[in-house]
Amino acid sequence: MPGPFGRVAAPPPHFPVGGPVPSADLVGRETYIRRIGERLADGNHVLLAGPRRIGKTSIILEVARRLRRKGALTAYVDCLGATDIRGLGERLVDALLENVSGVERSFEQAKAIAAGVRPSVKVKYEHVELALDLAREKNAQRFFEGALDLPRALAARTGKRVVVILDEFQAAGRLGPRVFDVMRARFQAQRGVAYVFLGSEEGILEQLFSEKGHAFFRFAVPIDLADAGGHRFGIAPDDWLEYIREKFATKKLAIDDAGVDRLLDATGGHPQDPMQVCAALYYLMRDAAARSVSSDFLEVAYEQAMRELERPFALHWTELGSHKYLQQVAKRIAHKAVLYAADAEGGAVPRPEVLRALAALRERGLVVRLGRGRYDFVEPMFGEYVRRLDEGLIGAGTPSRRSRAQQDSQSLRSGE
């Protein structure tokens, strides 16, 4: 709701974490943004697959913003929350209608008009006219197919490029045995429409888009977010250095090159974890009225970030425990141990089971293959969590680096 002085957008956090980030905080992603935008503007379909929390959604939302500025119409749909094909179809229709109505959940207004009821908000008939027949459709399958045809109708009606973004696309396959077949049949004949497929379950998407006989075989151009200059996450250390130093400088805080190097070594340059540590570091320094980052501040900030990440990491770990050998193999990766060797109790995981566990960990986006027999965690801080857990440094009543860091933090804040 606008206040008495008008609508004012709240400023984003200085180091944003936990969701899509503003364009100014997309570190080292400009090349990808331009490349994807050019492909879509030309009418090509794009596949963007990779583990969660590496910035896929942030990148594509910035691409969409720039395309809209050039006159394109865009629709963003998160497939993960849909529970049936009608629900997924309604999400798509809502996202498409918002382009012409400027109102969220426009399909609700279309359903009201179709039923002869006055809409709850002011909306022009011509803005929802495209969806009125859909609003009257009771059959779920026919409704879904009609919703899939709507991007083409919108492109034809407006004469503009329509770009549809389907996030966590692999989740749509759980809504029915032929969902992907129906979608491909509808998409391939559409003119003026470009699709972006995002997903975190790389194994499923690779099979769907790369293996002959599957619905979307060679349908979209894959974009690898880790291919720029051979850097693991596609972000050059110099980009991080420039970003971190400038962000601290805007608050009249200083961090030297060695401090940034230590921070990146600890986080592995993962797209979100340096942000997590920087956010903790920023508030720690602000509370202590300090102006220059020291080794002690970095240590305490890292431990604070680890504490903040413990809950999501614990959920990952618990899920791995429901599958045989996954935790055992994950521990070996964390300790950089030989994967096929016997453990301390003399037991060895059979080689076929190790291979299956590695494949499962890769499908979950938790580990990456570095070379023959060499694996590491996609998120180095999760690897640190697993090492601490295995060594008994995380758990109720157990003294840990984390508790020591809390004491250090109190000392820094009090100036002791």
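Residues numbered from 1 in each chain as written. Predicted model: local features only at pLDDT ≥ 70, side-chain atom pairs only at ≥ 80, totals over all residues. Heavy atoms only, no water.

Most of strand β4 (residues 193–199) sits out of view: seven of its seven residues are buried. Here β4 shows a buried face lined by Val-193, Tyr-195, Phe-197 and Gly-199 and a second buried face lined by Ala-194, Val-196 and Leu-198. Pairing of strand β1 (residues 46–49) with β4 involves four bridges; the strand directions are parallel. Note that in β4 the partner of Ala-49 across the bridge is Gly-199. (Buried < 20%, exposed > 50% of the residue type's maximum accessible area, 1.4 Å probe, protein only. Helix = DSSP H or I, 4+ residues; strand = E, 2+ residues; numbered from the N terminus. Pairing = 2+ DSSP bridges.)

To continue, consider the packing of helix α11 (residues 257–267) against helix α12 (residues 273–288). Their axes nearest at 9 Å, the elements α11 and α12 cross at an angle of 130°. In terms of their interaxial angle, α11 and α12 are classed as oblique. Here α11 and α12 pass one another in a crossing that is right-handed. In this structure, α11 uses Leu-263, Leu-264 and Thr-267 to contact α12, whose residues at the interface are Asp-273, Pro-274, Val-277 and Cys-278. Among the residues making up the contact of α11 with α12, the classes are represented as five nonpolar, one polar and one charged. (Axes fitted to C-alpha atoms, helices over the stretch in contact; angles between N-to-C directions. Parallel < 35°, antiparallel > 145°, perpendicular 65-115°, else oblique. Left-handed = near helix turned anticlockwise from the far one by under 90°. Contact = heavy atoms within 4.5 Å. Nonpolar A, V, L, I, M, F, W, Y, C, P; charged D, E, K, R; others polar.)

A word on the nonpolar core. Membership of the largest hydrophobic core comes to 56 residues, with the highest contact counts inside it found for Ile-244, Phe-248, Leu-281 and Ile-333. Counting residues per element, the ones that place at least two in this core are α10 (237–249), α11, α12, α13 (295–320), α14 (326–334), α15 (351–363), β7 (374–377) and α16 (380–390). When residues in this core are grouped by element, the largest group, 11 residues, is from α13. Beyond its immediate stretch of four places on either side in the chain, Ile-244 contacts Ile-255, Val-260, Leu-263 and Cys-278. Core analysis: the next-biggest nonpolar cluster, separate from the first, contains 49 residues, Cys-79, Ala-95, Leu-134 and Leu-205 among them. (Core = buried A, V, L, I, M, F, W, Y, C linked by side-chain atoms within 4.5 Å.)

All right, on to the pattern of salt bridges then. Overall, the coordinates contain 22 salt bridges when judged by the stated rule. Across the pair Arg-66 and Glu-62 runs a salt bridge whose closest N-O atoms are separated by 2.8 Å. In this pair, Arg-66 and Glu-62 both sit in helix α2 (residues 56–69), four residues apart, roughly one turn of the helix. Classification of Arg-66 by relative accessible area gives partly exposed; the value is 22%. For Asp-390, the salt bridge goes to Lys-331, with nearest N and O atoms at 3.5 Å. Highlighted residues: Asp-390 in helix α16 and Lys-331 in helix α14, separated in sequence by 59 residues. In the salt-bridge network here, residues are joined through shared partners; they are Glu-30, Arg-34, Glu-62, Arg-65 and Arg-66. (Salt bridge = Lys/Arg side-chain N within 4 Å of Asp/Glu carboxyl O.)

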